[in-house]
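Okay, here's what each chain looks like letter by letter:
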Amino acid sequence: MKKIFLMVASALLLSFSLPDANMILDKVDKNMSSKNRIFESEMIIHGRRTSRTITSISYSAGNKQSFTEYLSPPREQGTKMLKLDNQLWIYSPSTDRIIQISGHMLRQSVMGSDLSYEDMMDDRKLTEIYSAKVTGNETIDGRNTYILELVAKVEDVAYHSQKIWVDTERFVPLRQEMFAKSGQLLKQTTLSDVKQVQGRWFPMRMVYKDVLKEGSGTEFRITSAKFDQVIPEYIFSKAALKQ
Amino acid sequence: MLAFKLAFKNLMGAGLRTWLNVSVLSLAFVIILFYNGMIDGWNRQSRRDTIEWETGKGQFWLPEYDRYDAYTIKDAHSPLSEEIQAEVKKKTLAPVLIAQATAFPQGRMQGVILRGVDPEQTVLKLPASALAASGDTDYAIIGKRMAETAKLGVGDRLLIRWRDKNGTFDAREIQIASIFKCDVPMVDKGQIYLRLDVLQKMMGMENEATLLVAGSGFGNKTLQNWEFKDTGFLLSDIDKIIQTKKGGGSIIEGLLLIIALIAIFDTQVLSIFRRQKEIGTYIALGMTRTEVVGIFTVEGAAHSILATLLGAVYGIPFFLLLGNVGISMKAAQMTDIPISETIYPYYSLSLILVTIILVVISATIVSYLPARRISKMKPTDALKGKLQ
């Protein structure tokens, strides 16, 4: 009887000591989302034998518009990608043609990485698509984190559930696991090198891993991040792809 | 009749020259028959296999569906009406649900097509009954090609990932219940067959299908919201391949025939040149020029009759042997063309007759062309053997 009382009491205590999950998610969204952003980044794709580094500059406004230009290596240089709502176009300088990516091609990996075009396109706020609950605490690389379990509250979501580890002070996710409806773990993301940029905490290094696939994953390093800038409207037009 | 008698007498008299011409022409005749017989045999086999394994006696498609456009798969699904369900029970219709997925054999990524089929269907030759096993495991059947590319065997487990109708990822392991051998690559390559109800549940598309395959007992009924595609349409790809192959083959056949015909032409020119006195004698004896031209034309054309007979002497045993042993096509099986491991040539009566007519007519034409010169000859000069 005493034991049961103690267990119930400790469970209640734990639930009272944990903050509200939606509040945490809201803070995460505030750090991770912005009106618009300009990133210069390096994507390191680890293959079976070698690794490739692709540098790019990307402009994004909200979660509807995004424009990326690949800067190196020479083979990818000049390749541009435009996303408007649910549509995606790619311009390849070698063929001088614009191709629309849709249907199952959106599920293909981007430049052989562990990211699909769809992964890059789906950047809605977590609070909009998931119901969250805090399930515990854990320390990652010396940082205290809240463990949040997210379950989709809308139907059109890529991952039915997620588990994220959020830094208790900076409210930045340090680890993210995406699950299938069956509960099968599909993808893992590790976020690190958290820096303060224009008053917000932001992870400058992310490692994406498709756990169903062999390989060491894809590393995404942000070399320059600017938020809430003035981005000319023409950037988000098909005409910009051929410029 | 006299022309025929003279023609054969002269041909036999020419000895080796005649037999060389006849041999070359008979070779062309046999090769034309062999190649076309092989193509026809392949055509019959691939059509039969495609009907048995893939198309049935026709299919019903939704207007959104296009087999050449993978983008259409996502939206092409519709509930099965009571009328359709009654036909499914009668086993005259086989519903198929199609979905795209990714398989992860040995940690590799491979794009696959999931096809949901009724384990009790008998419309297609597919051994779907292997999917009937109950339990917690989701069983799948795959073709030999798919098994080889994904390095899978019976009893192996395979992780697949797909997106349901809302676009939400799901993943689970399936177990290979059976591996079938099929000569139609579209049925095999990159295809995984699951129970229809299992795939419907996985996709969140209960009681829905992408297409309906009609069996022989279905008749000519129409189904609301579904478009019927007959076998002519469904097999049009095979027809195009066969036409292309026949076109390519006809170039080689044509070249071979031309070589044989040039030899006959050459012989005719030489005959007319060397036998001017004979021509003059015929005319002096009262034959008209046209009759003499006829004798020489028949003589040339008789090469083709002898070639047909000679071709039959060695061609019939050769074709009978091929009909029993077949022609190995293992290398071609790696392509996307429906072709069996061994092709059995098919020689139809029409093929044989058309080939004989082709050889006889072309030999007659090339025999006639040099013989026309006779009509311009002066009989007196011809009798003297003067060059004209």
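What counts and how
Residues numbered from 1 in each chain as written. Chains lettered and ligands numbered in written order. Predicted model: local features only at pLDDT ≥ 70, side-chain atom pairs only at ≥ 80, totals over all residues. Helix = DSSP H or I, 4+ residues; strand = E, 2+ residues; numbered from the N terminus. Buried ≥ 20, exposed ≤ 12 C-beta atoms within 10 Å, placed from the backbone. Expected span 1.5 Å × (residues − 1). Pairing = 2+ DSSP bridges. Contact = placed C-beta atoms within 7 Å. Nonpolar A, V, L, I, M, F, W, Y, C, P; charged D, E, K, R; others polar. Domains from an automatic or database assignment. Core = buried A, V, L, I, M, F, W, Y, C linked by C-beta atoms within 7 Å.

Visitor: Looking at this structure, I do not really get the overall build of chain A. What am I missing?
Guide: On a plain count of helices and strands, chain A comes out with four helices and 13 strands. Put simply, chain A has 243 residues, and 29% of those count as buried.

Visitor: Explanation requested: helix H2 (residues 16-55) of chain B in the structure shown.
Guide: Two residues of an α-helix separated by three or four positions point the same way, owing to the 3.6 residues in each turn. Counted at 1.5 Å a residue, the expected span for H2(B) with its 40 residues is 58 Å, and the 55 Å between its end C-alpha atoms agrees. Positioned one or two residues after H2(B), Gly56(B) has a phi angle of 65 degrees, which is positive.

Visitor: What is the right way to read the pairing of strand E11 (residues 185-197) of chain A from this model?
Guide: Consecutive side chains along a regular strand alternate between the two faces of the sheet. Residue and element names in this part refer to chain A. Note that strand E10 (residues 173-179) and E11 share five bridges and pair antiparallel. In the sheet register, glutamate 177 faces E11, and the bridge partner there is glutamine 188. Counting the residues between successive antiparallel strands, the hairpin from E10 to E11 contains five residues, one of them, glycine 183, with a positive phi of roughly 95 degrees. The pairing of E11 with strand E12 (residues 200-210) spans 10 bridges and is classified as antiparallel. Of the residues in E12, the one forming a bridge with threonine 190 is valine 207. In textbook terms, the turn of a hairpin is the stretch between consecutive antiparallel strands, and for E11 and E12 this stretch comprises two residues, one of which, glutamine 198, has a positive phi near 50 degrees.

Visitor: Just to check I follow, could you spell out the interface of chain A and chain B for this structure?
Guide: Often, the extent of an interface is quoted as the loss of accessible area upon association of its parts. The interface is formed by 17 residues belonging to chain A together with 17 residues belonging to chain B. Tallied by class, the residues present in the side of chain A that touches chain B amount to six nonpolar, six polar and five charged.

Visitor: What is the right way to look at the domain arrangement of chain B in this model?
Guide: Here chain B is described as being made up of domain 1 (2-51 + 237-384) and domain 2 (59-229). The straight-line distance from the C-alpha centre of domain 1 of chain B to that of domain 2 of chain B is 51 Å.

Visitor: Could you clarify how one ought to interpret the environment of Leu211(B) in this entry?
Guide: Residues and elements named next belong to chain B. Mapped onto the fold, leucine 211 is located in strand E10 (residues 211-214). Classification of leucine 211 as buried rests on a count of 23 C-beta atoms within 10 Å. Measuring from C-alpha to C-alpha, the distance between leucine 211 and valine 96 comes to 5.4 Å, with 115 residues separating the pair along the chain. Sequence-distant contacts of leucine 211, defined by excluding residues within four places in its chain, comprise Gln59, Phe60, Trp61, Tyr65 and Val96.

Visitor: Help me out: how do you make sense of the pairing of E10(B) in this one?
Guide: Residue and element names in this part refer to chain B. In E10, alternate side chains face the same way, and those of Leu211 and Val213 on one face and Leu212 and Ala214 on the other are all buried. Looking at chain direction, strand E3 (residues 93-103) and E10 are connected through four bridges and run antiparallel. Directly across from valine 96, in E10, lies its bridge partner leucine 211.

Visitor: What should I look at first to understand the nonpolar core in this one?
Guide: Across soluble globular proteins, you tend to see nonpolar side chains buried next to one another. All names here are of chain B. Core analysis: the biggest nonpolar cluster contains 66 residues, and Leu93, Ala99, Ala140, Ile142, Tyr193, Leu212 and Val213 have the highest contact counts within it. It is E3 that provides the largest number of residues to this core, a total of eight residues. When sequence neighbours within four positions are dropped, the list of residues in contact with isoleucine 142 reads Ala147, Leu152, Ile176, Ile179, Gln191, Ile192 and Tyr193.

Visitor: Sorry, what's going on with the environment of Lys226(A) here?
Guide: Residues and elements named next belong to chain A. Its place among the elements puts lysine 226 in strand E13 (residues 218-227). Assessed through the 15 C-beta atoms surrounding it within 10 Å, lysine 226 is described here as partly exposed. Lysine 226 sits 167 residues away from tyrosine 59 along the chain, and the two C-alpha atoms are 9.6 Å apart.

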